[in-house]
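Breakdown of the fold
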Amino acid sequence: MAGLETTHFLSSYLTPSLLSIALKNSARTGSFQGGLQLHGYLYKSGLCNVLSLQNQLLNVYVKCKEFHDACNLFDEMLVRNIVTWNTLLCGLATCGAGFRLILDLGFPYFKRMLSQMMSPDCITFTSLLRASVELDDVEIGRQLHCFIVKLGLCVNCFVSSALVDLYSKFGLVGDARCTFDCCLGKDLVLWNVMVSCYVSNCLEKDALLVFSLMRLEGVHGDGFTFSNLLNASAVLGCSEFGRQLHSLVISLSFDLDVVVASTLVDMYAKNEYIEDARKAFDGMVFRNIISWNTMIVGYGQHGDRKEAVELLVEMFREDLRPDELTLASVLSSCGNLSSFSEIVQLHAYAIKVGLQTVLSIANSLINAYSKCGTIAMAFKCFSSISEPDIVSWTSMIRAYAFNGLPRKGIELFDEMLLNGKTPDRVAFLGVLSACSHGGLVDEGFHYFNLMTNVYNIEPHSEHYTCLIDVLGRLGLVDHALEVLTSMPFEPGSDQLGAFIGACKVHGNSELANWAAEKLFVLEPGKHANYTLLCNTYASKGCWVDVARVRKMMRSRCNDKVPGCSWIEIAGEIHTFVSSDKSQLRVLEAYALLEVLIKLMEEEDCLPSVD
């Protein structure tokens, strides 16, 4: 009864103009059922051959991703215009890479379009170029480009922008620039796409040159332009150019744009001007979660845990809830300073809001607890992940390695392989570190060979450092030397340092001196290198050589930066600097230190000469 009443209502009141509005609304909201009902009414009312209504109905099916119904409707249409063809082709092109068969379907329809003497326009080509990108097929894009030139559409900014974007996505920057230069009347969108092309292909200097050319042509740019250029300045470390852009942003009032303002904060933070970043952040008229995250991540990268946590608290006061990026960043900052109490609080909040199993947060928790030495909590976080990714496995393996449980790290790596995970370079570095810390030579060479021979991963310097270290720990200095000299690149400071450390432990001052000479060439001004060699000579009682190296250190090195340590007691972090007398309880600390030194003297276990 209700159905009959609805039908009677529709037949009485739905004019073509009302039908048009209803179809547009169904397309906008993605209402497939609404589209079906309207389709039925069109047939019943005899309006099924009205071209404008058919085009709008086709758009409904396309927007609802009901491509089977869309193609059936298209094939039944007696008359088609360019809007009809473009509606179908745009829908097929925007369906996404997950619908590859449907994406492929767009090109046969394009051939049908040409065979029926329907001339394609700018919208047709931009749709097909987008499909080429989704299909990851640049050759189709090149063929379309030829067709575009033949039809004289290459001077159209809309089409040229799509072509520049196509070549940009495939890394063909030269082709993108040629296309850009061929278009004479460039609009702002085309300039922006060209700037974005350079930035996305890591050619930031060229992006800045295009912007200079753009300014000469009298084009001022918009928020998109400045966001891209500020990103380029951040990557290049061009703080001075970034400041000039900042002035221009303010003069054109783009500092009111939350995206541009957030990018400004990011630019200053990445150039290590954290105070300027904070000034830009405080000066923002509007802020969203991205703005807060940008500043918090900036503090995290700058190693300022206190400010990152305080900003998180302020964020709560502003009634904004942190997302996974916020929490992961603050957890990373707290982990770097081993701030256990704050990590626990953040963990509790993550559990409260149901974010503890989000991969980025769970991985950050594993690292944070690991750096605090709380390996049980790190493993608990790892176990809570239903489907750990390669980062999760690697984080837990490294946690075991650096907390004195190398065997467990190796067992976890083998378990990862059994779970079908393909290890990457970082995962192998984790298991090799475990072998190094545990002095497991055979296992170390096993995993090194597995990495190179089975997974075809080329070892980096860090992997060789682990091999040298594990050999040195067991006194196999000659074998460590073989590894050091057979590397496919010149030894770096880490490998030479590990080798000298092995020579020190096993009293081989001759090889230590050979490696130290190479190390001094690489890092002539680093105190630690000279101290390492001094300790090697001191362990053998070669005091003349100790004096010689100390003299070299004084002549080559600048003033030594004092060492810094910290400890957390009752939620408060206490920092200690070498020879610092400013601490409130410094007298107690020094008194206890004297007691420890006396005990060590009695036990004859004083450390090597520093």
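As a reminder, the structure under discussion sits directly above these lines.
Everything numeric here is computed off the predicted structure, so don't read it as measured data.

1. Brief notes about the pattern of salt bridges
Across all of its chains, the model carries 13 salt bridges by this definition. Linking aspartate 266 and lysine 270 is a salt bridge whose minimum nitrogen-to-oxygen distance equals 3.2 Å. Taken together, the residues aspartate 266 and lysine 270, both in helix α16 (residues 258-270) and 4 residues apart, mark about one turn of the helix. Take aspartate 266: its relative accessible area is 18%, and that puts it in the buried class. By relative accessible area, lysine 270 is classed as partly exposed at 42%.

2. Here we look at the packing of helix α8 (residues 122-134) against helix α10 (residues 157-169)
When two helices pack together, you describe them by how their axes are tilted relative to each other and by the distance separating the axes. Between α8 and α10, the shortest axis-to-axis distance is 9 Å and the interhelical angle comes to 5°. With respect to each other, α8 and α10 are oriented roughly parallel. On α10, the residues touching Cys122, Ile123, Thr126, Leu129, Ser132 and Val133 of α8 are Phe158, Val159, Ala162, Leu163, Leu166 and Lys169. Of the residues assigned to the contact of α8 with α10, the class counts are 9 nonpolar, 2 polar and 1 charged.

3. Thoughts on unusual backbone geometry
Although it is not a glycine, cysteine 202 sits at a positive phi angle of roughly 60°. Structurally, the position occupied by cysteine 202 is in the loop between α12 (188-200) and α13 (204-216). By relative accessible area, which is 57% here, cysteine 202 ends up exposed. A positive phi angle is found at glutamate 272, which is not glycine, with a value near 70°.

4. Some thoughts on the packing of aromatic side chains
Two numbers describe a pair of aromatic rings. These are the distance of the centres and the angle of the planes. According to the stated counting rule, one finds 20 aromatic pairs in the structure shown. Taking 6.1 Å as the distance between ring centres and 70° as the angle between the ring planes, the aromatic pair formed by phenylalanine 110 and phenylalanine 125 counts as edge-to-face. With phenylalanine 110 in helix α7 (residues 100-115) and phenylalanine 125 in helix α8, the pair connects residues that are 15 residues apart, well separated along the chain. Assigned by exposure class, phenylalanine 110 and phenylalanine 125 land together as buried. Aromatic ring contacts, followed pair by pair, group Phe379, Phe382, Trp393 and Tyr400 into a single cluster. A cation sits over an aromatic face here: lysine 186 above phenylalanine 180, 4.9 Å from the ring centre. Arginine 243 extends its terminal NZ or CZ atom over the ring of tyrosine 273, reaching a point 4.8 Å from the ring centre.

5. Structural notes on helix α6 (residues 82-93)
For α6, built from 12 residues, the straight-helix expectation of 16 Å at 1.5 Å per residue is met to within 8% by its first-to-last C-alpha distance of 16 Å. The buried fraction of α6 is high, at 9 of 12 residues.

Conventions adopted
- Residues numbered from 1 in each chain as written.
- Predicted model: local features only at pLDDT ≥ 70, side-chain atom pairs only at ≥ 80, totals over all residues.
- Heavy atoms only, no water.
- Salt bridge = Lys/Arg side-chain N within 4 Å of Asp/Glu carboxyl O.
- Helix = DSSP H or I, 4+ residues; strand = E, 2+ residues; numbered from the N terminus.
- Buried < 20%, exposed > 50% of the residue type's maximum accessible area, 1.4 Å probe, protein only.
- Axes fitted to C-alpha atoms, helices over the stretch in contact; angles between N-to-C directions.
- Parallel < 35°, antiparallel > 145°, perpendicular 65-115°, else oblique.
- Contact = heavy atoms within 4.5 Å.
- Nonpolar A, V, L, I, M, F, W, Y, C, P; charged D, E, K, R; others polar.
- Phe/Tyr/Trp six-rings, centres within 6.5 Å; stacked < 30°, edge-to-face > 60°.
- Lys NZ or Arg CZ within 6 Å of the ring centre and 35° of its normal.
- Expected span 1.5 Å × (residues − 1).

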